[in-house]
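Structural description and commentary
Single-letter residue listing:
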Protein chains: 2
Amino acid sequence: MNIKDIAKIAGVGVSTVSRVLNNHSDVKDETREKILKIIKDSNYVPNNSARILKQNNTKNIGVLVKGVFNPFFSEMINIIGNKIHEYGYTMVLQQNDYTFDEDMDTLLGFIKEKRLQGVICLGGNFIDIKEDSFDSVDAPIVLTSVNTISDLGKSKYSSIGIDNKKSAYHATKYLINLGHKNIAIMLGEKDDLGIGWWRLKGFKEALLEYNYNFSEEHILIGNYEVESAYKTTKNLLMEKPDISAIFAISDAMAIGVAKAIIDSDLKIGQDISIIGFDGMNISEFYNPSITTVKQPKELMAVMSINHLFDLINKKEGHKHILLDTELVKRESSKEVKIVENILA
Amino acid sequence: MNIKDIAKIAGVGVSTVSRVLNNHSDVKDETREKILKIIKDSNYVPNNSARILKQNNTKNIGVLVKGVFNPFFSEMINIIGNKIHEYGYTMVLQQNDYTFDEDMDTLLGFIKEKRLQGVICLGGNFIDIKEDSFDSVDAPIVLTSVNTISDLGKSKYSSIGIDNKKSAYHATKYLINLGHKNIAIMLGEKDDLGIGWWRLKGFKEALLEYNYNFSEEHILIGNYEVESAYKTTKNLLMEKPDISAIFAISDAMAIGVAKAIIDSDLKIGQDISIIGFDGMNISEFYNPSITTVKQPKELMAVMSINHLFDLINKKEGHKHILLDTELVKRESSKEVKIVENILA
DNA sequence: TTGTAAGCGTTATCAT
DNA sequence: ATGATAACGCTTACAA
């Protein structure tokens with residue numbers, strides 16, 4: 001069943017049917033009604049590929065996600081997906097977890113292969129952006145919550161994210177002001193080159209400001225997983241009891257840390273304070289509730305997709321936005337308890 | 001840059017280029033190398049639409065999700081997405097949260113519009129499947145973790161899920177055997193017609209077996225959300241202290257219930273026992289850990305996508321699979337404490 | 001082993 | 001207001 005069949009049944013030419021299909025005004029109402037009825041009756045759906053071939057517009061928006069296991073992104077994908085659908089476009093979702101290519105290559109290939117009209121990257125490392133990196137594609141690109149370092153090529157793409165360094169700095173400072181001197185930080189991976197690198201930097205900066213010493217031993221690795229974080233923390237607690245606070249750079253890891261503390265018969269807050277990062281709702285409902293750096297994820301999602309459509313429709317040019325985070329103070333972080341030195 | 005340009009540059013006919021593109025064997029190695037080099041140098045990517053138009057194979061797999069906010073599905077989408085990519089197909093993800101159409105109509109429209117080669121539905125209600133419901137499409141369909149009622153048309157689609165009634169029955173029985181007599185159940189919505197309906201049925205069945213009374217007052221509504229569950233439970237605890245256990249039909253709601261109990265100065269396990277449903281890892285790491293009905297979500301995801309490809313490749317026919325759940329016993333459910341009646 | 005040309009289902013241009 | 005037809009970029013007989 002194609003446009004020709006419909007035309008034949010209706011006793012009109014294919015162009016008339018096409019006009020009806022595309023809501024052109026120059027069709028007699030009567031004819032339009034008749035054709036519409038036939039289309040409906042025969043369950044005809046236009047062939048998208050033929051349309052795209054002709055119009056050169058796939059109406060496909062790509063969403064490239066690094067680390068989909070991150071529940072933080074799931075919700076954003078949801079918001080983005082709904083908006084894409086609303087705009088009459090199709091979402092093509094591709095994960096990028098197990099690819100060891102440069103994220104850049106994956107992105108460029110993705111756009112070309114799927115002939116995307118635009119793409120949003122959720123997470124990932126784009127540390128080697130060059131001035132001409134995006135010259136070979138003309139689909140607008142929005143990098144959301146990704147790690148970039150270079151200032152090159154900034155006029156060729158947009159980015160939306162938070163100030164990771166600053167957020168980590170404030171979180172750490174908050175702990176310091178509570179009297180903590182021996183603070184550990186839990187990163188995702190050893191030598192994390194992504195956002196973890198910036199958060200570590202903010203952490204160190206706060207420490208430096210107060211002349212507190214920082215050693216590699218204060219770095220814990222949690223693989224961004226609850227389970228890993230749990231094991232790492234348990235091991236730590238058996239060896240180094242002089243730590244009074246742990247700053248985990250994801251809420252998922254903060255949960256693992258919390259449970260490890262509990263299972264080690266220590267009291268969260270009293271014995272060891274915790275701060276997480278992300279602002280997932282479990283941090284609020286955990287027992288005890290967990291202090292966290294809340295990212296404005298709904299806003300990030302909405303801005304990303306709206307801005308992308310503005311770019312597509314050429315209503316706006318590329319821009320780079322840093323949104324504010326909020327330090328949500330909860331039960332897991334308390335003033336450090338004064339340890340009376342019996343020998344003193 | 002199209003196939004003609006490449007052919008011109010290489011000094012060959014378009015069909016030779018096409019043969020190279022499609023890995024046909026009947027091309028001289030020398031010619032192949034030359035063409036491959038030109039393709040690479042000129043960054044040429046074949047136009048998918050033209051290809052599809054000709055071959056009538058989009059290589060698109062649809063994933064239609066109801067309730068993507070459910071973190072339970074996110075992980076499954078991840079597994080499914082990776083497999084689709086691995087098979088050289090593209091995943092088209094569509095959410096179905098705010099659609100009030102029948103899920104059936106959405107599904108059929110989705111397949112036709114995107115010309116899908118196959119589709120997996122994650123969640124949703126397909127209670128009105130007729131014998132000929134799927135006759136108008138020829139893409140194989142796998143319904144995963146969805147609610148079906150009718151036995152009609154079973155040879156036209158596949159399904160993979162768990163036995164919701166049985167699972168709920170066993171969970172309830174476990175509570176009863178711990179001595180609980182006044183058990184509340186928390187459903188997603190009032191008059192839940194989906195899986196909630198079956199879980200409620202299993203719940204009632206267990207109660208009936210022990211001649212325990214069931215009243216509408218034992219039904220709580222939590223909207224499948226942590227927050228809602230929290231509020232509902234808090235209200236309940238202010239009014240009805242004769243309940244000794246709550247069975248929440250999702251882990252997310254179980255967390256809300258747990259926190260509400262804690263905030264009401266009651267002890268989970270001692271005062272009120274909790275059972276959740278799904279087997280998300282937070283149930284293990286919550287404080288205290290929460291008993292739950294664990295669904296084999298990885299297995300469900302893997303089976304769904306593998307079976308779909310078997311159907312596409314006609315290696316197998318439609319089938320209906322019920323997987324086993326596991327009741328994971330944890331700290332949140334304990335023997336009911338004996339209440340000494342002081343007046344007795 | 002390679003080239004020529006028809007045809008996939010649309011849309012858009014140009015007549016009428 | 002409507003119809004005939006070229007063109008989009010590819011694959012695949014068929015011919016050479």
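All residue numbers here refer to positions counted from 1 along the written sequence of the relevant chain. The lettering of chains begins at A and the numbering of ligands begins at 1, in the order of writing. Local features in this predicted model are restricted to residues whose pLDDT is 70 or higher, and side-chain atom pairs enter the listing and the counts only when it is 80 or higher, whereas totals over whole chains, interfaces and linings include all residues. As a rule here, side-chain values cover all heavy atoms of the structure and leave hydrogens and water aside.

If you check an unreviewed UniProt entry, chain A appears there as LacI family transcriptional regulator from Candidatus Sarcina troglodytae.

1. Concerning the relation of the copies chain B and chain A
Each copy of the chain is related to the other by a rotation around an axis and a translation along that axis. Rotating chain B by 180° about the axis while translating it 0.0 Å along that axis superimposes it on chain A, leaving an RMSD of 0.1 Å. The relationship between the two copies is best expressed as a two-fold rotation axis. Should any heavy atoms of two residues lie within 4.5 Å, those residues are considered in contact. The overlap is high: 100% of the interface residues of chain B also sit at the interface in chain A, so the same surface is used on both sides. The least-squares superposition of copies is restricted to C-alpha atoms, and to residues with a pLDDT of at least 70 in both copies.

2. Here's the deal with the sheet that holds strand β14 (residues 326-328) of chain A
Residue and element names in this part refer to chain A. At least two bridges found by DSSP between two strands is the condition for calling them paired. Comment: elements are numbered from the N terminus, with helices defined as DSSP H or I runs of at least four residues and strands as E runs of at least two. A sheet is described by the order of its strands in space; here 6 strands give the open sequence β9-β8-β10-β11-β12-β14, paired in mixed fashion. Edge positions in the sheet fall to β9 (219-221) and β14, since each has one partner strand and no second. Averaged over all adjacent pairs, the angle separating strand axes in this sheet is 20°, with direction ignored. Relative to strand β10 (residues 245-248), strand β8 (residues 183-187) runs parallel, the two being bridged by 4 bridges. Paired with Met186 across the two strands is Ala248, which belongs to β10. To define axes, lines are fitted to C-alpha atoms, for helices over the stretch in contact only, and angles between the resulting N-to-C directions are given on a 0 to 180 degree scale. Packing of helix α7 (residues 164-177) onto the sheet brings it into contact with β8, β10, β11 (273-278), β12 (291-294) and β14, and relative to β11 it is tilted by some 165°.

3. Observations regarding the interface of chain B and chain A
Contacts between the two partners involve 45 residues from chain B and, on the opposite side, 45 residues from chain A. The term buried area refers to how much accessible surface (probe radius 1.4 Å) is lost by two components on association, counted for both of them together. Across the chain B/chain A interface, buried area totals approximately 4100 Å², and carbon plus sulfur atoms make up 54% of it. Salt bridge, as used here, is a side-chain nitrogen of Lys or Arg placed within 4 Å of a carboxyl oxygen of Asp or Glu. Summed over the shared surface of chain B and chain A, the number is 2 salt bridges. For the salt bridge of B:Lys259 with A:Glu331, the shortest nitrogen-to-oxygen distance reads 3.8 Å. Think of a polar contact as two N or O atoms within 3.5 Å of one another; within protein, one of them needs to be a possible hydrogen donor and the other a possible acceptor, and neighboring residues in sequence only count if both atoms come from side chains. Seen at the junction of chain B and chain A, the total is 15 residue pairs in polar contact (both at pLDDT 80 or more). Elements supplying a minimum of two residues to the side of chain B that touches chain A: α4 (48-55), α5 (71-86), β2 (90-95), α6 (103-114), α9 (226-239), α10 (251-263) and α11 (281-285) of chain B.

4. Focus on the packing of helix α2 (residues 14-21) of chain B against helix α3 (residues 29-41) of chain B
Residues and elements named next belong to chain B. Where α2 contacts α3, the two axes come as close as 10 Å, and the packing angle between them is 85°. With respect to α3, the element α2 is oriented roughly perpendicular. Counting all contacts with α2, which are made through Thr16, Val17, Val20 and Leu21, the residues of α3 involved are Thr31, Arg32, Ile35, Leu36 and Ile39. Each residue is assigned to one class: nonpolar for Ala, Val, Leu, Ile, Met, Phe, Trp, Tyr, Cys and Pro, charged for Asp, Glu, Lys and Arg, and polar for all the others, Gly among them. Taken together, the residues of the contact of α2 with α3 break down into 6 nonpolar, 2 polar and 1 charged. An angle below 35 degrees is read as roughly parallel, one above 145 as roughly antiparallel, one from 65 to 115 as roughly perpendicular, and any other as oblique.

5. What about the protein's contact with DNA strand C?
Residue proximity to a molecule or strand is established when one non-hydrogen atom of the residue lies within 4 Å of it. Taken together, 26 residues are adjacent to DNA strand C, and A:Tyr44, B:Gly13, B:Thr16, B:Thr31 and B:Lys54 come closest. Near-protein atoms of DNA strand C (within 4 Å) split between backbone and bases, with sugar and phosphate holding 55%. Side-chain polar atom of A:Lys54 to a base oxygen of DNA strand C: 3.5 Å apart, as the coordinates give it. Between B:Lys54 and DNA strand C, the recorded distance is 2.9 Å, taken from a side-chain N or O atom to a base nitrogen. When residues of the surface near DNA strand C are traced back to their parent elements, those giving at least two are α2 (14-21) and α4 (48-55) of chain A together with α2 and α4 of chain B.

6. Remarks on the pattern of salt bridges
Counting across every chain of the model gives 20 salt bridges over all chains. The partner of A:Lys83 in a salt bridge is A:Glu86, and the shortest N-O contact between them spans 3.8 Å. Of this pair, A:Lys83 and A:Glu86 are both found in helix α5 (residues 71-86), 3 residues apart, which corresponds to roughly one turn of the helix. Relative accessible area decides the class of each residue, using a 1.4 Å probe on protein chains only: under 20% of the type maximum gives buried, over 50% gives exposed, and in between gives partly exposed. Taking relative accessible area as the criterion, A:Glu86 reaches 60% and is therefore assigned exposed. A salt bridge links B:Lys319 to B:Glu316; the shortest N-O distance between them is 2.6 Å. Accessibility expressed as a relative area gives 32% for B:Glu316, which makes it partly exposed.

7. Points about the protein's contact with DNA strand D
Taken together, 26 residues sit near DNA strand D, with A:Gly13, A:Thr16, A:Lys54, B:Ile3 and B:Tyr44 positioned nearest. Among all atoms of DNA strand D positioned within 4 Å of the protein, those belonging to sugar or phosphate total 55%. Contacts to DNA strand D include A:Gly13, whose backbone N or O atom sits 2.6 Å from a phosphate oxygen. One of the side-chain nitrogen or oxygen atoms of B:Tyr44 is found 2.4 Å away from a phosphate oxygen of DNA strand D.

8. Brief notes about the side chain of B:His180
Residue and element names in this part refer to chain B. Position of His180 relative to the elements: it lies in the loop between α7 (164-177) and β8 (183-187). Since its relative accessible area comes to 1%, His180 is described here as buried. Among the polar contacts made by the side chain of His180, one reaches the side chain of Ser244 at a distance of 2.6 Å. A distance of 3.2 Å separates polar atoms of two side chains, one belonging to His180 and the other to Ser273. What His180 contacts, discounting residues up to four positions off in sequence, is Leu175, Tyr212, Ser244, Ala245, Ser273, Lys334, Glu335 and Val336.

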